[in-house]
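One-letter residues, chain by chain:
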Amino acid sequence: MPAPTPVLDAAGVNALLKKAFPGAPPDAFPTVWEVTPGRVRVMTAYREGLLRPGGVISGPILMSLSDTAAYALVLAHIGDQLMAVTSSLTMNFLRGAAPGDIHADAELLRLGRRNAVCDVRLWTESPDRLAAQAIVTYAIPQP
């Protein structure tokens, strides 16, 4: 089955995220770099405050990026439906995420009328050295 066709490009998704959270500081959201059928690539720039004791990126930061990447993926494919909401997020921490820019690749596993299920993979060093993986389900609002 072919991947669904996006209705927004990366610039459109970034603009929609800013619209959804107008009071958020400029660095509050990651940047959507790429949108392709069934996928998005997102990155959060490294900055002070992302580390936990032990010198690795904190779990809540990785969970937040997973959720935002899935939201961006859903919006890229359904458009301006800002009331899509997280209904489930299951996180697997695979190794400590070394300090650095945090990358997330999100893929649609299923896009239905009521739910979207996304697989999100995160890393700082290399996509071959995943730091975490999440399955995120979004509830899609009904008209």
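Structure: above.
Residues numbered from 1 in each chain as written. Predicted model: local features only at pLDDT ≥ 70, side-chain atom pairs only at ≥ 80, totals over all residues. Heavy atoms only, no water.

J.: I tried to follow the overall build of the protein chain on my own but got confused; where do I start?
T.: A count of helices and strands for the protein chain gives two helices and eight strands. For the protein chain, the sequential pattern of α-helices and β-strands runs α-β-β-β-β-α-β-β-β-β. C-alpha extents for the protein chain along the principal axes are approximately 45 × 35 × 25 Å. Within the protein chain, residue pairs in contact and separated by at least 24 positions form 65% of the contacts whose partners lie at least 6 positions apart. Of the roughly 7600 Å² of accessible surface on the protein chain, 56% is carried by carbon and sulfur atoms. For the protein chain, the distance from the average site of its 12 positive side-chain charges to the average site of its 12 negative ones is 7 Å. (Helix = DSSP H or I, 4+ residues; strand = E, 2+ residues; numbered from the N terminus. Contact = heavy atoms within 4.5 Å. Areas by Shrake-Rupley, 256 points an atom, 1.4 Å probe, with all protein chains shown as cover. Lys, Arg positive; Asp, Glu negative; His and termini not counted. Charge placed at Lys NZ, Arg CZ, Asp CG, Glu CD.)

J.: Teacher, can you tell me more about the sheet that holds strand S5 (residues 85–93) here?
T.: Within a sheet, adjacent strands bond to each other through the backbone by hydrogen bonds, running parallel or antiparallel. Across the sheet, six strands lie side by side as S1-S2-S6-S7-S8-S5; this open sheet has antiparallel pairing. Unpaired on one side and paired on the other, strand S1 (31–36) and S5 mark the two borders of the sheet. For this sheet, the mean angle separating the axes of adjacent strands, direction not counted, is 20°. Here S5 runs beside strand S8 (residues 132–139); their pairing, made up of eight bridges, is antiparallel. Within the sheet, the bridge partner assigned to Thr90 lies in S8 and is Ile135. Packing against the sheet, helix H2 (residues 59–78) makes contact with S1, strand S2 (39–44), S5, strand S6 (102–111), strand S7 (115–123) and S8, and its axis sits at approximately 50° to S6. (Pairing = 2+ DSSP bridges. Axes fitted to C-alpha atoms, helices over the stretch in contact; angles between N-to-C directions.)

J.: For this particular structure, what's the right way to read the packing of aromatic side chains?
T.: To describe a pair of aromatic rings, one takes the distance between the centres and the angle between the planes. Summed over the entire model, instances satisfying the criterion amount to two aromatic pairs. On the numbers, 4.8 Å between centres and 35° between planes, the contact of Phe21 with Phe29 is tilted. Taking the centre distance of 5.5 Å and the plane angle of 20° together, the rings of Tyr71 and Tyr138 count as stacked. One end of the pair, Tyr71, is in helix H2; the other, Tyr138, is in strand S8, with 67 residues separating them in the sequence. Note on Tyr71: relative accessible area 7%, which makes it buried. (Phe/Tyr/Trp six-rings, centres within 6.5 Å; stacked < 30°, edge-to-face > 60°. Buried < 20%, exposed > 50% of the residue type's maximum accessible area, 1.4 Å probe, protein only.)

J.: How should I be thinking about the pattern of salt bridges in this particular structure?
T.: Close approach of charged atoms lets side chains of opposite charge pair. Counting across every chain of the model gives five salt bridges. Residue Lys19 pairs with Asp80 through a salt bridge whose shortest N-O separation is 2.6 Å. Of the two residues, Lys19 sits in helix H1 (residues 10–20) while Asp80 sits in the loop between H2 and S5, which places them 61 residues apart along the sequence. Of the residues examined, Asp80 reaches a relative accessible area of 47% and is grouped as partly exposed. Across the salt bridge formed by Arg41 and Asp105, the nearest N and O atoms sit 2.6 Å from each other. Here Arg41, found in strand S2, pairs with Asp105, found in strand S6; they are 64 residues apart in sequence, far enough to count as distant. (Salt bridge = Lys/Arg side-chain N within 4 Å of Asp/Glu carboxyl O.)

J.: I would appreciate a short explanation of the side chain of Asn14 in the present structure.
T.: As for its placement among the helices and strands, Asn14 is situated in helix H1. Polar side-chain contacts of Asn14 include one of 2.9 Å to the backbone nitrogen of Val32. The contacts of Asn14, once residues within four sequence positions are left out, are Pro30, Thr31 and Val32. (Polar contact = N/O pair within 3.5 Å; in protein donor to acceptor, adjacent residues only side chain to side chain.)

J.: Even after reading the chapter, I still don't get H1, so can you show me in this structure?
T.: Think of an α-helix as turning once every 3.6 residues; residues three or four places apart then point the same way. Here H1 has its buried residues at Ala10, Val13, Asn14, Leu16 and Leu17. One side of H1 holds all its buried residues, which, seen down the axis, span an arc of 160°. Pointing more than 90 degrees away from the buried face of H1 are the exposed residues Ala11 and Lys18. Those residues of H1 that are buried are in contact with S1 and H2. Its side-chain oxygen placed 3.3 Å from the backbone nitrogen of Ala11, Asp9 serves as the N-cap of H1. (Arc of directions from axis to C-beta.)

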